[in-house]
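# Summary of the model geometry
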Amino acid sequence: MKFMVKFFFVCLAAFIFISCDDLVVFEENASIANAKWNTSDVKSFEFDITDTVRMHDLFVNLRNGENYPYSNIYLFIELQFPNGKKSMDTLECTLADETGRWYGSSGAGDIYENRFTYYQRRQFPLGGRYRIDIVQAMRTDVLEGIYDVGFRVARSK
């Protein structure tokens, strides 16, 4: 009986250790109401950085449906540093190939999940709280077919 209890706890500890992704510093996703993303709907994410020595990879997560009318999406991304300074970028994310076949993994029926690289091997210059604001930058005020947008920070391998 003692052996079974010990074995159980060793397996539980191994499962917890293996299932943790120790490279991920931050990840959060935000839903788009009714899968209609308005240009005024800013999705904001705040995260803390304590390691200013290691390199980090930054990603944007997107979930789109088959009803999304384009093969790509442009995003405006604003990064605010702990000292209040800001940087602004435009990111193009390709969601489908020339034939209309969607990229990404199909999670539920007609919904596709993608993770796009925003920056690779970026070193944060300051420790503290950072903020990311993401808005859709397409030439339409209301963009149908985007279900979620998210942001991920991971330590570079």
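What you are looking at is a predicted structure, and each value in this text was computed from that prediction instead of being measured. Numbering of residues starts from 1 in every chain and runs along the sequence as written. Reporting of local features is limited, given that this is a predicted model, to residues whose pLDDT is at least 70; pairs of side-chain atoms are given and counted only at 80 or more, and all residues count toward the totals for whole chains, interfaces and linings. Hydrogens and water molecules were not included; the side-chain quantities draw on all heavy atoms of the structure.

## Considering the packing of aromatic side chains
Here is the rule: rings of Phe, Tyr and Trp (six-membered ring for Trp) pair when centre to centre is within 6.5 Å. Planes less than 30 degrees apart are stacked, more than 60 are edge-to-face, and the remainder are tilted. A full pass over the atoms with the stated rule returns 11 aromatic pairs. Between the aromatic rings of Y118 and F151, the centroid separation amounts to 6.3 Å while the plane-to-plane angle is 70°, which identifies the pairing as edge-to-face. Placement of the pair is Y118 in strand β8 (residues 111–123) and F151 in strand β11 (residues 146–155), with a sequence separation of 33 residues. Judged on exposure class, the residue Y118 and its partner F151 are both buried. The helix count covers DSSP runs of H or I at least four residues long, the strand count covers runs of E at least two residues long, and both are numbered beginning at the N terminus. When a residue's accessible area, from a 1.4 Å probe over protein chains only, is under 20% of the maximum for its type it is buried; when over 50% it is exposed; and in between it is partly exposed.

## As for the sheet that holds strand β6 (residues 86–94)
Any two strands with at least two DSSP-identified bridges between them are counted as paired. The strand order across the open sheet built from four strands is β3-β9-β5-β6, with neighbouring strands paired in antiparallel fashion. The outermost strands of the open sheet, each flanked by one partner alone, are β3 (43–49) and β6. In this sheet, neighbouring strand axes are inclined to one another by 25° on average, regardless of whether the strands run parallel or antiparallel. Summarising the sheet, strand β5 (residues 72–80) and strand β9 (residues 128–136) pair through six bridges and their orientation is antiparallel. Bridged to I77 within β9 is I134. Between the N-to-C directions of two axes lies an angle of 0 to 180 degrees, each axis being a line fitted to C-alpha atoms and, for a helix, fitted only over the stretch in contact.

## Considerations on the pattern of salt bridges
Take a side-chain nitrogen of Lys or Arg and a carboxyl oxygen of Asp or Glu: if they are within 4 Å of each other, that pair is a salt bridge. Tallied over the full model, the rule gives 11 salt bridges. As a salt-bridge pair, E27 and R115 come within 2.9 Å of each other at their nearest N and O atoms. Taken together, the positions of E27 in strand β1 (residues 24–31) and R115 in strand β8 put the pair 88 residues apart, joining distant regions of the chain. Since its relative accessible area comes to 34%, E27 is described here as partly exposed. A salt bridge links E46 to R131, with the shortest nitrogen-to-oxygen separation between them at 3.8 Å. Linking E46 in strand β3 with R131 in strand β9, this pair joins segments that are 85 residues apart in sequence. Of the residues examined, E46 reaches a relative accessible area of 39% and is grouped as partly exposed.

## Focus on the nonpolar core
Here, nonpolar core means buried Ala, Val, Leu, Ile, Met, Phe, Trp, Tyr and Cys residues that are tied together by side-chain atoms lying within 4.5 Å of each other. If you look at the biggest cluster of nonpolar residues, it comprises 34 residues, and the most contacted ones within it are V60, L62, I73, I134 and F151. For this core, the elements supplying multiple residues, two or more each, are β1, β3, β4 (55–65), β5, β6, β8, β9 and β11. Not counting residues within four places of it along the chain, the set of residues in contact with I73 comprises W37, L62, Y68, L91, E92, C93, L95, Q136, M138, L143 and I146. We call two residues in contact whenever any of their non-hydrogen atoms come within 4.5 Å of each other.

## Focus on unusual backbone geometry
Unlike most non-glycine residues, N34 shows phi in positive territory, near 55°. When you line up the elements, N34 lands in the loop between β1 and β2 (36–38). Assessed through its relative accessible area of 70%, N34 is described here as exposed. Phi is positive for R121, which is not a glycine, with a value near 50°. With respect to the helices, strands and loops of the structure, R121 is situated in strand β8.

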